[in-house]
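Chain and residue survey
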Amino acid sequence: MLLEHPIDLAGGAGWLMRCDRVDFEPGGIAPPHRHRGGGIRCLLRGRLEVTVAEGAPRTVRPGEAWFESGREPVLAVSAAEAETSFIRFSIQPAAIRGESSILYVDPADAGRGRPRRYTVYVDEPIAL
């Protein structure tokens, strides 16, 4: 096991389990953002510098995992010299099934180019 982390799920809400993959082009950036739910990510290839809230940047290498609660803003910068990919498993509100979970800190970032691709493998409601 690489990482385990509890997720606080408010009672009464419907939830879904999402497993997807994010592929960054070399030098790709995910501007400061949050998600509608928390989850664990694991880097597959490349290198990613991840900054959570006001914390220090952390360099993540292939095989390493990290947790994002969805509440704190995250900035992610991929390696300039190679493509970077990670998988993530998250618990999201059921109401966003089939939709993006990302919420940008600066709403203007939503309209900017996205040098990354998403592949969704699982996006299914779960019962608690």
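So, a few notes on the structure that sits alongside this text. (Residues numbered from 1 in each chain as written. Predicted model: local features only at pLDDT ≥ 70, side-chain atom pairs only at ≥ 80, totals over all residues. Heavy atoms only, no water.)

What about the overall build of the protein?
In terms of helices and strands, the protein carries zero helices and ten strands. Element order for the protein, N to C, with α for helix and β for strand: β-β-β-β-β-β-β-β-β-β. Here the C-alpha atoms of the protein give a radius of gyration of 14 Å, agreeing with the 14 Å that 2.2 N^0.38 yields for 128 residues. If you line up the protein on its principal axes, its C-alpha atoms span 45 × 35 × 30 Å. (Helix = DSSP H or I, 4+ residues; strand = E, 2+ residues; numbered from the N terminus. Rg over C-alpha atoms; globule rule 2.2 N^0.38 Å.)

Focus on the pairing of strand β6 (residues 65-68)
Of the two faces of β6, both are covered, the one formed by Ala65 and Phe67 as well as the one formed by Trp66 and Glu68. Here four bridges tie strand β3 (residues 39-45) to β6, and the two strands are oriented antiparallel to one another. Across the sheet, residue glycine 39 finds its bridge partner in β6, namely glutamate 68. (Buried < 20%, exposed > 50% of the residue type's maximum accessible area, 1.4 Å probe, protein only. Pairing = 2+ DSSP bridges.)

A look at the pairing of strand β7 (residues 74-78)
Burial along β7 is one-sided: the residues Val74, Ala76 and Ser78 are buried and none of Leu75 and Val77 is. Direction of pairing for strand β2 (residues 29-35) relative to β7: antiparallel, over a ladder of three bridges. Considered in β7, the bridge of histidine 33 is made with valine 74. Pairing of strand β4 (residues 48-52) with β7 involves five bridges; the strand directions are antiparallel. Following the sheet pairing, leucine 48 is matched in β7 by serine 78.

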